[in-house]
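Residue-level listing of the chains:
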Amino acid sequence: MLTTTRTLLLLCSLLSTVGLLAQGSIRGTVTSEDNEPLIGVSVVQVGTTNGIVTDLDGNYSLNLVDGSKTVRFSYTGFAPQEIEVGSQTVIDVVLGGNSALLDEIVVIGYGTERKRDVLGSIASVDEEQITQTTPVNAFDAIQGRLSGVQISTNGGPGAGSEIRIRGTSTFGGGVEPLYVVDGQQLDNIDNLNPNDIASIEVLKDGASAAIYGSKSANGVVIITTKGGTSGKTTLEINHSTGISDVSSLIPISNTRQRVLFEQQRSGGIGTGTDRDSLSARFQQEVDIQDLILQTGVRNQSGISLSGGGENSRFYWNTGYLTEDGVVLNSGYNRINTSLKVDFDLSRVISAGTRINASYEKQNGLNENTVFRQLSERPAYLPVRDGNGDLFPTVFGRQNPLGEALETTADDRNFRSTLFSYIEFKILPELAFRSTLGINYRQRKRNDFEPTIVRNIGQPPTGRERQDLDYDIQNENYLTYTKKFGDHNVSALLGMQTQRWTSEYSELRAVSFASDLIRTFNNVAELNTGATRTLKDGHSLLSYFSRLSYNYKGKYLLAGTLRRDGSSRFGTDQPYGNFPSVSLGWRISAEPFMDGMRGTVSDLKLRASYAVTGNERIGNYDAQFLYTPGFIYNGVNGVAPTQLSNPDLGWENTEQVNFGLDLELLEGRFTATADYYVKTTDRLLYEVPLPEETGFSSARQNIGSVENKGIELTLGGTPLKVGDFRWYTSFNIATNENEVLLLADPDGFQDDEFIIQVGESIGNIYGFINTGIFPYDESNAFTADGTRLTPNFDGDGSFTNYTLNGQVYQGEVNQLRAAGRVLGGGDVIWKDLNGDFTIDNTNDRSVIGNGLPKFFGGFFNEFTYRNLSFSFLFDYNFGNDIYRNYDDRRNTATSFGATPHPDRIDGAWLQPGDEVEYPSLDRRRSQNRIGLDSYYLSEGDYIKLRNIRFNYNLPTTITNRLGWLDGLSVNLSINSPITWTNYEGYNPELGSRGSALQPGIDNLRYPNKTEYIFGIKVRL
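Residue positions are counted from 1 within each chain, in the order its sequence is given. Only residues with pLDDT of at least 70 are given local features in this predicted model, and only at 80 or more are side-chain atom pairs given and counted; all residues enter the totals for whole chains, interfaces and linings. Computation of side-chain values: all heavy atoms of the structure, hydrogens and water removed.

Draft legend 1. Layout of the overall build of the protein chain. In DSSP terms, a helix is any run of H or I states spanning at least four residues, a strand is any run of E spanning at least two, and both are numbered starting from the N terminus. If you tally the helices and strands in the protein chain, you get ten helices and 59 strands. The contacts in the protein chain between residues at least 6 apart in sequence include a share of 68% that link residues at least 24 apart. We get accessible surface area from the Shrake-Rupley algorithm with a probe of 1.4 Å; when it comes to residues, only the shown protein chains can shield them. Accessible area for the protein chain stands at about 45,100 Å²; split by element, carbon and sulfur atoms hold 54% of it. Residues counted as positive are Lys and Arg, residues counted as negative are Asp and Glu, and His and the chain ends are not counted. For charged residues, the charge sits on one atom: NZ in Lys, CZ in Arg, CG in Asp, CD in Glu. When the 90 basic and 121 acidic side-chain charges of the protein chain are each reduced to a single mean position, those positions are 5 Å apart. The contact criterion used is simple: two residues touch if any of their non-hydrogen atoms lie within 4.5 Å.

Draft legend 2. Highlighting the pattern of salt bridges. Put simply, a salt bridge is a Lys or Arg side-chain nitrogen that is within 4 Å of an Asp or Glu carboxyl oxygen. Applying the stated criterion across every chain yields a total of 49 salt bridges. Asp447 is the partner of Arg463 in a salt bridge, and the nearest nitrogen-oxygen pair spans 3.4 Å. Taken together, the residues Arg463 in strand E24 (residues 461–484) and Asp447 in strand E23 (residues 430–449) connect sequence positions 16 residues apart. Of the charged contacts, one joins Arg568 and Glu615 as a salt bridge, the two residues approaching to 3.2 Å between their closest N and O atoms. You can see Arg568 sitting in the loop between strand E28 (555–566) and strand E29 (575–586) and its partner Glu615 sitting in the loop between strand E30 (600–614) and strand E31 (625–632), a full 47 residues away along the chain. Of the two residues examined, Arg568 and Glu615, each falls in the buried class. It is possible to trace a salt-bridge network through shared partners that takes in Asp447, Arg463, Arg465, Glu506, Arg508 and Arg532. Here the term buried applies to any residue with accessible area under 20% of the maximum for its type, exposed to any over 50%, and partly exposed to those in between, with areas from a 1.4 Å probe on protein chains only.

Draft legend 3. Geometry of the packing of aromatic side chains. Two rings from Phe, Tyr or Trp (for Trp, the six-membered ring) form a pair when their centres are within 6.5 Å of each other. A pair whose planes differ by under 30 degrees is stacked, one over 60 is edge-to-face, and the rest are tilted. One pass over the full model with this rule turns up 39 aromatic pairs. Seen in terms of ring centroids, Phe171 and Phe748 are 5.9 Å apart; in terms of plane orientation they differ by 70°. Their pairing is edge-to-face. Taken together, the positions of Phe171 in the loop between strand E12 (161–165) and strand E13 (178–181) and Phe748 in strand E40 (residues 748–750) put the pair 577 residues apart, joining distant regions of the chain. The class of Phe171 is buried, set by a relative accessible area of 7%. The class of Phe748 is partly exposed, set by a relative accessible area of 22%. Aromatic pair Tyr551 and Tyr555: ring centres 6.3 Å apart, planes at 5°, arrangement stacked. What makes Tyr555 partly exposed here is its relative accessible area of 37%. Three or more aromatic residues link up through ring pairs in this structure, and these residues are Phe724, Trp726, Phe862, Phe869, Phe871, Phe873, Phe949 and Trp979. In this scheme, Lys NZ or Arg CZ marks a charge over a ring once it lies within 6 Å of the ring centre and within 35 degrees of the ring normal. The aromatic ring of Phe859 is capped on one face by Arg145, whose charged end is 4.6 Å from the ring centroid. When the ring centre of Phe895 is taken as reference, the NZ or CZ atom of Arg258 above it lies at 4.7 Å.

Draft legend 4. Focus on the UniProt feature "domain: TonB-dependent receptor-like beta-barrel" (unreviewed entry) in the protein chain. On the UniProt side, "domain: TonB-dependent receptor-like beta-barrel" (unreviewed entry) is annotated at positions that read residues 379–764 here. Between the C-alpha atoms that bound residues 379–764 there is a distance of 32 Å. The span itself is 2% helix and 65% strand. UniProt positions are given in the numbering used here, feature names are shortened, and annotations may be inferred rather than shown by experiment.

Draft legend 5. Spatial organisation of the sheet that holds E40. At least two DSSP bridges between two strands are required for those strands to pair. Spatially, the four strands line up as an open sheet ordered E40-E41-E42-E51, and their pairing is antiparallel. The open sheet terminates on both sides in strands that have one partner only, identified here as E40 and strand E51 (845–849). Between one strand axis and the next, the sheet turns through 45° on average, direction left out of account. Of the pairings in the sheet, the one linking strand E42 (residues 763–766) to E51 comprises four bridges and is antiparallel in character. Pairing of Asn763 across the sheet is with Asn849, part of E51. Between N-to-C directions, angles cover 0 to 180 degrees, with each direction set by a line fitted to C-alpha atoms, over the stretch in contact for helices.

Draft legend 6. How the structure looks around the environment of Phe730. Of note, Phe730 is situated in strand E38 (residues 724–734). Given the relative accessible area of 29%, Phe730 is considered partly exposed. Contacts of Phe730, omitting those with residues within four sequence positions, involve Leu712, Thr713, Leu714, Gly857, Phe858 and Tyr875.

Draft legend 7. Local environment of the sheet that holds strand E1 (residues 25–32). Pairing is mixed across the open sheet formed by three strands, whose spatial order is E4-E1-E7. Looking at strand neighbours, the two that pair on one side only are strand E4 (59–63) and strand E7 (93–95), the edges of this open sheet. Mean inter-strand twist for the sheet, computed between neighbouring axes without regard to direction, equals 30°. Bridge count between E1 and E4: five bridges; the pairing is antiparallel. Bridge assignment links Ile26 to a residue of E4, and that residue is Leu62.

Draft legend 8. Highlighting the pairing of E31. Burial analysis of E31 places just zero of its eight residues in the buried class, which makes it a mostly uncovered element. Where E31 and strand E32 (residues 635–642) come together, seven bridges link them in antiparallel fashion. If you follow Thr627 over to E32, its bridge partner there is Ala639. Between E31 and E32, which pair antiparallel in sequence order, lie two residues; one of them, Asn633, sits at a positive phi of approximately 55°.

Draft legend 9. Examining the confidence of the model for the protein chain more closely. Summing up the model confidence of the protein chain, the mean pLDDT is 89 and the portion of residues at 70 or higher is 96%. Values of pLDDT, ranging from 0 to 100, describe the predictor's confidence in every residue of the model. Per-element averaging of pLDDT across the protein chain places helix H1 (residues 2–21) at the bottom with 40 and strand E49 (residues 827–829) at the top with 97. Contacts from residues 1–22, a stretch scored under 50 in pLDDT, to residues over four places away or in other chains number five contacts.

Draft legend 10. Region of the structure containing the side chain of Asn946. With respect to the helices, strands and loops of the structure, Asn946 is situated in strand E56 (residues 941–952). The exposure class assigned to Asn946 is buried, which follows from its relative accessible area of 3%. Pairs of N or O atoms are called polar contacts if they sit within 3.5 Å, as long as, within protein, a hydrogen donor faces a hydrogen acceptor (for residues adjacent in sequence, only side-chain-to-side-chain pairs). In this structure the side chain of Asn946 is engaged in a polar contact, spanning 2.7 Å, whose partner is the side chain of Asn974. When sequence neighbours within four positions are dropped, the list of residues in contact with Asn946 reads Gln132, Thr133, Ser870, Phe871, Leu872, Ser972, Ile973, Asn974 and Ser975.

Draft legend 11. Molecular detail of unusual backbone geometry. Phi angles above zero are rare outside glycine, and Lys552 is one such case at about 60°. The residue Lys552 is located in the loop between strand E27 (532–551) and E28 in this model. In this structure, Ala818 is a non-glycine residue whose phi angle is positive, near 55°. Secondary-structure assignment places Ala818 in the loop between strand E47 (816–817) and strand E48 (820–821).

Draft legend 12. Quick peek at the environment of Ser868. Residue position: Ser868 is located in strand E53 (residues 867–877). Classification of Ser868 as buried rests on a relative accessible area of 17%. Separated by 99 residues in the primary sequence, Ser868 and Asn769 place their C-alpha atoms 52 Å from one another. The contacts of Ser868, once residues within four sequence positions are left out, are Glu861, Phe862, Thr863, Arg948, Phe949 and Asn950.

Draft legend 13. Up close: helix H4 (residues 255–264). Within H4, eight of the ten residues are buried, leaving the element largely enclosed by the surrounding structure. Of the residues making up H4, those classed as buried are Thr255, Gln257, Arg258, Val259, Leu260, Phe261, Glu262 and Gln264. Among the structural elements, helix H9 (901–905) are those in contact with the buried residues of H4. Between the side-chain oxygen of the N-cap and the backbone nitrogen of Arg256 there are 3.2 Å, and the N-cap of H4 in question is Asn254.

Draft legend 14. Broad picture of a nonpolar patch on the surface. On the surface, Ile237, Ile303, Trp316, Leu339, Ile355, Leu418, Leu436, Ile438 and Ile472 cluster together to form a nonpolar patch covering roughly 650 Å² of accessible area. By relative accessible area, Ile472 is classed as partly exposed at 41%. Within the patch definition used here, like charges are joined within 9 Å and nonpolar side chains (Val, Leu, Ile, Met, Phe, Trp, Tyr) within 5 Å, considering only residues with over 30% relative accessible area and no salt bridge.

Draft legend 15. View of the pairing of strand E33 (residues 651–664). The pairing of E30 with E33 spans 14 bridges and is classified as antiparallel. Bridged to Leu605 within E33 is Leu660. One ladder, built from 13 bridges, connects E33 with strand E34 (residues 669–681); its direction is antiparallel. In the sheet register, Thr653 faces E34, and the bridge partner there is Thr680. Between E33 and E34, which pair antiparallel in sequence order, lie four residues; one of them, Leu665, sits at a positive phi of approximately 55°.

Draft legend 16. Here's a closer look at helix H8 (residues 884–891). For H8, the tally of buried residues reaches seven of eight residues, placing the bulk of the element in the interior. Residues of H8 that are buried include every one of Asn884, Tyr885, Asp886, Asp887, Arg888, Arg889 and Asn890, and no others. Close packing links the buried residues of H8 with helix H6 (367–376), strand E54 (880–883), H9 and strand E58 (1000–1001).

Draft legend 17. A look at the nonpolar core. Ile292, Val327, Phe371 and Leu374 are the most contacted members of the largest nonpolar core, which totals 25 residues. Counting only elements with at least two residues in this core, the list comes to helix H5 (288–292), H6 and helix H7 (400–406). Broken down by element, this core gets its largest block of residues, three residues, from H6. Ignoring any residue separated from it by four or fewer positions in sequence, one finds Ile292 in contact with Val326, Val327, Leu328, Val370, Phe371, Leu374, Pro400 and Leu401. Core analysis: the second largest hydrophobic core is formed by 22 residues, Leu146, Val149, Ile163 and Val181 among them. We define the nonpolar core as a collection of buried residues of types Ala, Val, Leu, Ile, Met, Phe, Trp, Tyr and Cys that are connected through side-chain atoms lying within 4.5 Å of one another.

Printed below as a string of structure tokens:
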């Protein structure tokens, strides 16, 4: 009996212990909203480490432990749920999609894709991110935000920007990406109103872009504009006003320095003062920069209306922008209007159209003339006479104020686009879509130079140019999407035709009768040789297809194939084939990741290979051409000017991409990394021909260039406490460029640049400046090029040379340049071949490179209830800038050109001077033999691109008012601080379409800081 009692007590004790550890158990099945079982769902008892994941059928069984009776169900891409267990033992859960994760959609070629299933390297920004910088154009919105995407400005108001995606991979076949706006392919989007944009996707890797084949070698930028939604009609009004000032000035010599220069340019020493102390000439000093710079003002307004009914949706927007630049007579005006309408005509037919029209007027100025005259003009020269009239050209120096105020350089554009589609749902999984796009542009440019900016005795002159461009695009394609259990398949098959036509006319005058009337009815003499009209065009025929497959979202595969035929190429090679293949593996969905799924929400590896094409050359570069205008025996005729090349074909770019997408803590932190190798061969560029042919060059497919690099983007929400949230993101990209093959193994020169096999595009080619000889005797070297040290006695007389502290009695060699022996006050040029003669052939080398090594951005946003504060940095490192404007003014021989102030004050004057600059003596041609490494500067910078404060009126107030849906106000500053050692106006230099010439500064439009106030009202 005692034994039995002890046994029962022991059993009760064990049961009690188990009861304390296991507070019951639950089981069940987790499915999606479409009743599909979800594998690997994390099931965790809240407040403990007790958890499990669902099996292949979505089933789970969890023994509860002491603690919370709440269980959390979470799965990547789905909204998590927390359920109170209570007395339940069976809990079946249906997880709904998380719109921020599962349904986050990105636009790809001819369709959309869930972001988590994307296999290519695609970077995107949404509407909220676009508006944060109050942009003038689409590129302002993405600067510094996307890894591997580099944006650079090209000038003043309305000048547009340049975009480079993964480096420069062509010589002359166009460097811009392809733009696709709501399905319509465009070459330029400068006129697009940023307030119309809903999202921007940049297709960086070849596999993502290959579906566009013919123009996708430089990447693809896909823009989706805003559309209407069914329901209440919404009226939105927005306005912003910006005030801007120049961020930095360039050094310009004053009157004292100018006088000193005049005294030294003929070999004298000078004092910087004039013997006639009362001379009016030297009693005045004009600050040209202050006179031509002003406070810029920008006003940007918009009104939009959107809504829709049960079977229709619409969006209409009109915007007006007016901007006065920080330089006199520079400005930009634009008016846009757009209408987007979509209809569901029946259950199986839908249709829509988008119409956009814009008018732009850019008041430009001749940057080269204005800023060059500004930097070189003698400070004592007046800009106005005693009567207040503008001073004429003197000493060959145009009046910069007159150039800015009186010249005309208007650029007016009227553009319109029409894009329509109709779609038939043949089957629930099969659809056919047909599109028609028309793009029209009329451009008129007027230039006029009045008498005040012409040399004395020269009449006013001018020209008028008109461009008319229009193209038509038609696409017809089938899309198929089907789910077979755990298998998902989609397919695309279509064709496209495109045709472009361009017309050009130019009127040029030798002289106008007067300055008063600036139209061609006032022309005194027409320049008949330069007056002309042109017309050309080209067309494309394309076939494209895509097939994609994924198994349970775990294993993903996609492939595309496009075939393009272009009229620009030779008769033997008009067509090109552009395939791609992409693979993806979602590691996080594997069973061995079950224990980490609470931390690693998503982990995907990607790989892709693709071939893309480029056909951006002249329309008739492959044909034998005759050109009129040749006179023979007094008769106007034609003559051959270009050889044909029937083998001219596509420039091809092969790209391999490896990527990783990582998501932690259910999307709280994200990381994306890519490594790419991008090789372009069959380069399209002008190959020099022997003079015996009678032609200078011919377009051929020769050469190869490689770009490779790493891109990294990190983002996340480090802090989220109550109503406070901190979001941060960082991106960085590297790029390494190398020329692999050229027609000439020795390479070729392109102005200041040299292109060589094994080297990078952008190499600046010149002479190496190692200092200034203090004495004539300082120019002394041993046979192997070691420089000797001259010695002098107490009277300053030369005694001997020493080498390493020992008296040298051997042969003394001296450097020569421009046919002269170098002496005191001359530049010490580096003698590369050791012959002691500095010449173009043997002594020039690569002194710098205009392409950056790495660049990126850093963004932070802090929000608390209805307040937000954000700032964005972007940076650029590793490139060089050649200050051509400094070289030009410092080495000019004309009396009217004034050097840099440091060049004057720091010039060599007499034997023994240890200085930075050579003698100012204009007769010393040996000091201006070519590009000088002294004028090379680092182009590195870190820029605080934008600071923004935003306040949204609380919904409690708007709901109480009834008629107001929302109101927000913001204050922002664009480009308040730039950290750089570059002394020019702006270290951000676009190449203006020249792929081979990055980093040459002839003085561009100044950088500015802008202060903006904005308001948005939604009714």
